[in-house]
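Architecture at a glance
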Amino acid sequence: MRLLPELFQKNRQWAEKVRSEHPDFFTKLTQQQSPHYLWIGCADSRVPANEIIGLLPGEVFVHRNVANVVIHTDINALSCIEYAVCVLKVEHIIVCGHYGCGGVKAAQHDRHLGLIDNWLRHIRDVRWKHEPMLQRIESEQRRFDKLCELNVIEQVNNVCSTTIVQQAWASGQSLAVHGWIYRLEDGLLQDLNTLITNSDEISSVYRLAIEQEAQKL
Ligand code: CO
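Let us look at the structure shown here. Since this is a predicted model, take the numbers as computed values, not measurements.

Each helix and strand in the protein was counted, giving 10 helices and five strands. Radius of gyration (C-alpha) of the protein: 19 Å, near the 17 Å computed for a compact globule of 217 residues. Oriented by its inertia axes, the alpha-carbon framework of the protein measures out at about 55 × 45 × 30 Å. Across the 217 residues of the protein, 44% fall into the buried class. Long-range contacts, defined here as pairs at least 24 residues apart, represent 62% of the contacts in the protein between residues at least 6 apart. Only carbon and sulfur atoms are counted for the fraction: they give 54% of the accessible area of the protein, which is about 12,100 Å². Between the mean site of the 22 positive side-chain charges and the mean site of the 26 negative ones, the protein shows a separation of 4 Å.

Spelled out as structure tokens, the structure:
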């Protein structure tokens, strides 16, 4: 007996619906993918990349992990970024965090949770880095929101620092890195004004984005 029959049924219905709306959809996609965007987002089931930005299969290359973290030595994330930038030639990398992120919330506290502490350490580093700003916020909820925003800005910076993105810019490839945040309450995205399109912009855009966060307190 096939397990999870309801999911296979949903899959057949979905494929049928797509075929009825676009008869050559799957045939076209088997030829090649040519997405313009790389989405780096949280693994949270409430933040599905394609649905949020209304794109079909083939239109966005996706990498997701707990709390949308980009670590300089994470071979998984780096491989995705390399493939997206060097082979697919995406023009935009979107780092998208979300308010209410469980990974960020766990990093707010120093309780020991197990193996994931090693992953959350990177967000705790973001927290320590911006401790003075975070300490100025009295409401724990607002402090949590702020850490979600700061985490996106720091991960944008990490993406820009990778050898892959650095080399793409050095060779004149058109590539923009964006930092967005998604609100579960209304399903809307917000741009955190971290758009970076070349190496020279990294430090000034980063500084401005952090200043803006401090002013929003
Ligand atoms: Co999350």
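Turning next to helix α9 (residues 163-170). Restricting attention to buried positions, one finds in α9 the residues Ile164, Val165, Ala168 and Trp169. For α9, the angular spread of buried residues about the axis comes to 130 degrees, placing them on one side. Exposed and oriented more than 90 degrees from the buried face of α9 are Thr163, Gln167 and Ala170. Contacts from the buried residues of α9 go to α4 (75-87), β3 (92-98), α8 (140-161), β4 (176-183) and α10 (202-215).

Protein-derived coordination of the cobalt ion comes from Cys42 (SG), His98 (NE2) and Cys101 (SG), at a distance range of 2.0 to 2.3 Å. Summarised as a motif, the one-chain spacing of the donors to the cobalt ion is C-x55-H-x2-C. Placement of Cys42 in strand β1 (residues 37-42) and of Cys101 in the loop between β3 and α5 (102-108) is noted, with a sequence separation of 59 residues between them. Using a relative accessible area of 6% as the deciding quantity, one classes Cys42 as buried.

Another point: the side chain of Asp74. Among the structural elements, Asp74 can be located in the loop between β2 (60-65) and α4. At 13 Å, Arg64 is the nearest oppositely charged side chain to Asp74, a buried residue that forms no salt bridge.

Quick look at the nonpolar core now. In this structure, Ile81 and Ile93 are the most contacted members of the largest nonpolar core, which totals 50 residues. A per-element tally of this core places α8 first, with nine residues. Among residues more than four places away in sequence, those in contact with Ile93 are Leu38, Ile40, Ile81, Val85, Val159, Val165, Leu175, Ala176, Val177 and His178. The next biggest cluster of nonpolar side chains, apart from the first, holds nine residues, and it includes Val47, Ala49, Ile94 and Trp180.

Turning next to the sheet that holds β4. Read from one edge to the other, the open sheet built from five strands follows the order β2-β1-β3-β4-β5, with strand pairing classed as mixed. Looking at strand neighbours, the two that pair on one side only are β2 and β5 (188-191), the edges of this open sheet. Mean inter-strand twist for the sheet, computed between neighbouring axes without regard to direction, equals 25 degrees. Note: β1 against β3, five bridges, orientation parallel. The residue bridging Leu38 from the neighbouring strand is Ile93, located in β3.

Looking now at a nonpolar patch on the surface. A surface patch of nonpolar side chains, amounting to about 410 Å² of accessible area, comprises Leu3, Leu4, Leu7 and Phe8. Here Leu4 lies in the segment before α1 (5-21).

Calculation rules
Residues numbered from 1 in each chain as written. Predicted model: local features only at pLDDT ≥ 70, side-chain atom pairs only at ≥ 80, totals over all residues. Heavy atoms only, no water. Helix = DSSP H or I, 4+ residues; strand = E, 2+ residues; numbered from the N terminus. Rg over C-alpha atoms; globule rule 2.2 N^0.38 Å. Buried < 20%, exposed > 50% of the residue type's maximum accessible area, 1.4 Å probe, protein only. Contact = heavy atoms within 4.5 Å. Areas by Shrake-Rupley, 256 points an atom, 1.4 Å probe, with all protein chains shown as cover. Lys, Arg positive; Asp, Glu negative; His and termini not counted. Charge placed at Lys NZ, Arg CZ, Asp CG, Glu CD. Arc of directions from axis to C-beta. Donors = N, O, S within 2.8 Å, 3.2 Å for Na, K, Ca; no water. Salt bridge = Lys/Arg side-chain N within 4 Å of Asp/Glu carboxyl O. Core = buried A, V, L, I, M, F, W, Y, C linked by side-chain atoms within 4.5 Å. Pairing = 2+ DSSP bridges. Axes fitted to C-alpha atoms, helices over the stretch in contact; angles between N-to-C directions. Patch = residues over 30% accessible without salt bridge, like charges linked within 9 Å, V, L, I, M, F, W, Y side chains within 5 Å.

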